[in-house]
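Chain by chain, the residues run as shown.
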Amino acid sequence: MGRALPTVNTAQRPPLILIADDTDVSRALLRRMLVRTGFRTLLAEDGAHAIALAEKRRPNMLLLDLRLTDIDGSAVLSHLRDTFDAVTLPIIMVSAEHDGEVIAACLGLGANDFVTKPIHFPTLRARMETHLRVQAARAALGDLPEILPPSAHASAGFAPQRP
């Protein structure tokens, strides 16, 4: 019998995760697993919709399929990296692609991480939590400007983003 999955701390508003995948079954499976563990979700069936939702709703994270029907996931990644840094919007690529060159290329374009299908949910969850903790740490630093000067934020890679 499998272990119960841990849930998100709901004392604060649960993180909003954008799931971009052109396969209905993949979107539904990811959504179900994330909702069961306390996340809020948004769904995008293609790259254009993912870009629009990311820019309008500003999710805490994007789970992005590499192979989308309209715009390749790497093009979506590149477009979003022009607007969001890797802490403001962590992007985890999710794909059946196992080619190391493709994975390295995505990471080089600015993906925070890469998870292969079939997805091992506890691994995905652990990776998500790692990136969300970095995001929370930067937010905490942003609340303490009198303690650390802006130059310290920038040199540590945590410079607060202005809207």
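Look above for the structure.
Below or above, wherever it landed, is the structure these notes cover. (Residues numbered from 1 in each chain as written. Predicted model: local features only at pLDDT ≥ 70, side-chain atom pairs only at ≥ 80, totals over all residues. Heavy atoms only, no water.)

## A look at the overall build of the protein chain
A tally of helices and strands in the protein chain yields 6 helices and 5 strands. Counted from the first residue to the last, the protein chain has its helices and strands arranged as β-α-β-α-β-α-β-α-β-α-α. The buried share of the protein chain, taken over its 163 residues, is 41%. Here the contacts in the protein chain between residues at least 6 apart in sequence split such that 61% fall between residues at least 24 apart. Total accessible area on the protein chain stands at roughly 9,000 Å², and carbon and sulfur atoms take up 57% of it. (Helix = DSSP H or I, 4+ residues; strand = E, 2+ residues; numbered from the N terminus. Buried < 20%, exposed > 50% of the residue type's maximum accessible area, 1.4 Å probe, protein only. Contact = heavy atoms within 4.5 Å. Areas by Shrake-Rupley, 256 points an atom, 1.4 Å probe, with all protein chains shown as cover.)

## So, the sheet that holds strand 1 (residues 16–20)
One open sheet accounts for 5 strands, arranged 2-1-3-4-5; its pairing is parallel. Only two strands of the sheet have a single neighbouring strand rather than two, namely strand 2 (40–44) and strand 5 (113–116). Neighbour to neighbour, the strand axes of the sheet diverge by 20° on average, direction disregarded. By the bridge criterion, 5 bridges tie strand 1 to strand 2 in an arrangement that is parallel. Residue pairing for strand 2: Ala 20 is matched across the bridge by Ala 44. Sitting on the sheet, helix 3 (residues 73–81) touches strand 3 (61–65) and strand 4 (91–95), and the angle it makes with strand 4 is about 175°. (Pairing = 2+ DSSP bridges. Axes fitted to C-alpha atoms, helices over the stretch in contact; angles between N-to-C directions.)

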